[in-house]
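Commentary on secondary and tertiary structure
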Amino acid sequence: MNSTVLRPYRDKSPQLGQRVYVDPVASVIGDVVLGDDVSVWPFTVIRGDVNYIRIGARTNLQDGTVVHVSHDGPHAKLGGFATVIGEDVTIGHKAVIHACRIEDACLVGMGATVMDGAVVKKHGFVGAGALIAPGKTVGEGELWLGNPGRFVRRLSDAEIEALHYSAGHYVRLKDDYLAMTPA
């Protein structure tokens, strides 16, 4: 992988698990750990400079996504917020994931934003274009829509199964891309 894709910041360099795909036009910077089978698609930026980012196995970050953190300072929450994304998470195109926590098997839709200190619990679904405000919690198995994001309803069993399918689909797609990548 070329040095413009994976870049250190100060004394921290990105760490990649097994079978990770980072597209040649994505950027992963600083204190970032990507779990096994993670996929990072074109024009995604994962910038762990003033705090850390951890992304769990089989998670996919689709085209144009921005993942960042917040720092400790006079106008920031003490210590700032890292960004932690669990396993089997799908992050849709052009989402903004900022200084928050997203638990396992969630979906954040295209163009959605999850802000500082927010939490998306397991099987949470943030719909396309939704804004999850700082400090809010999307409960387990809940669908949130709108700006500001609001609870709409509980997910059905079939919808929860679709969250797992989405993550698995992107693992298979990532494997195709890795197979086509010259050694």
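Being a predicted model, the structure only gives us computed values, none of them experimental.

What counts, and at which threshold
Residues numbered from 1 in each chain as written. Predicted model: local features only at pLDDT ≥ 70, side-chain atom pairs only at ≥ 80, totals over all residues. Heavy atoms only, no water. Pairing = 2+ DSSP bridges. Helix = DSSP H or I, 4+ residues; strand = E, 2+ residues; numbered from the N terminus. Phe/Tyr/Trp six-rings, centres within 6.5 Å; stacked < 30°, edge-to-face > 60°. Buried < 20%, exposed > 50% of the residue type's maximum accessible area, 1.4 Å probe, protein only. Expected span 1.5 Å × (residues − 1). Contact = heavy atoms within 4.5 Å. Salt bridge = Lys/Arg side-chain N within 4 Å of Asp/Glu carboxyl O.

Re the sheet that holds strand 19 (residues 142-145)
Spatial ordering of the open sheet is given by 3-5-7-10-13-16-19-20, a layout of 8 strands whose pairing is mixed. Here the strands that pair on one side only, and so sit at the sheet edges, are strand 3 (21-22) and strand 20 (150-154). Pairing between strand 19 and strand 20: 4 bridges, direction antiparallel. Opposite E142, over in strand 20, you have R154 as the bridge partner.

Notes on the packing of aromatic side chains
Evaluation of the coordinates by the stated rule reveals 4 aromatic pairs. Consider the rings of Y21 and Y177, whose centres lie 5.4 Å apart with planes at 50 degrees: the pair is tilted. One end of the pair, Y21, is in strand 3; the other, Y177, is in helix 1 (residues 157-180), with 156 residues separating them in the sequence. With a relative accessible area of 6%, Y21 lands in the buried category. With centroids separated by 4.9 Å and ring planes inclined at 85 degrees, the aromatic side chains of W41 and Y177 adopt a geometry described as edge-to-face. Here the residue W41 occupies a position in the loop between strand 5 (39-40) and strand 6 (45-55), and Y177 occupies one in helix 1, the gap between them amounting to 136 residues.

Comments concerning helix 1
Taking 1.5 Å per residue, 24 residues should reach 34 Å; helix 1 reaches 35 Å between its end C-alpha atoms and fits that length. On its buried side, helix 1 packs onto strand 3, strand 5, strand 7 (60-61), strand 10 (90-91), strand 13 (107-108) and strand 16 (125-126).

Some remarks on the environment of A105
Tracing the sequence through the fold places A105 in the loop between strand 12 (101-102) and strand 13. Given a relative accessible area of 1%, A105 falls into the buried group. The sequence separation of A105 and D88 amounts to 17 residues, and the corresponding C-alpha distance is 4.7 Å. Discounting residues that sit within four places of it in the chain, A105 has contacts with E87, D88, V89, H123, G124, L163 and H164.

Side note on the pattern of salt bridges
Between side chains of opposite charge, a pair can form as their charged atoms come close. Overall, the coordinates contain 10 salt bridges when judged by the stated rule. Of the charged contacts, one joins D37 and R19 as a salt bridge, the two residues approaching to 3.0 Å between their closest N and O atoms. Here D37, found in the loop between strand 4 (27-34) and strand 5, pairs with R19, found in the loop between strand 2 (15-16) and strand 3; they are 18 residues apart in sequence, far enough to count as distant. Residue R19 is classed as partly exposed on the basis of its relative accessible area, which comes to 45%. In this structure, E103 engages R101 in a salt bridge whose closest nitrogen and oxygen atoms are separated by 3.0 Å. Judged by relative accessible area, E103 falls into the partly exposed class, the value being 21%. By relative accessible area, which is 36% here, R101 ends up partly exposed. In this structure, a network of salt bridges that share partners links the residues R19, D37, K174 and D175.

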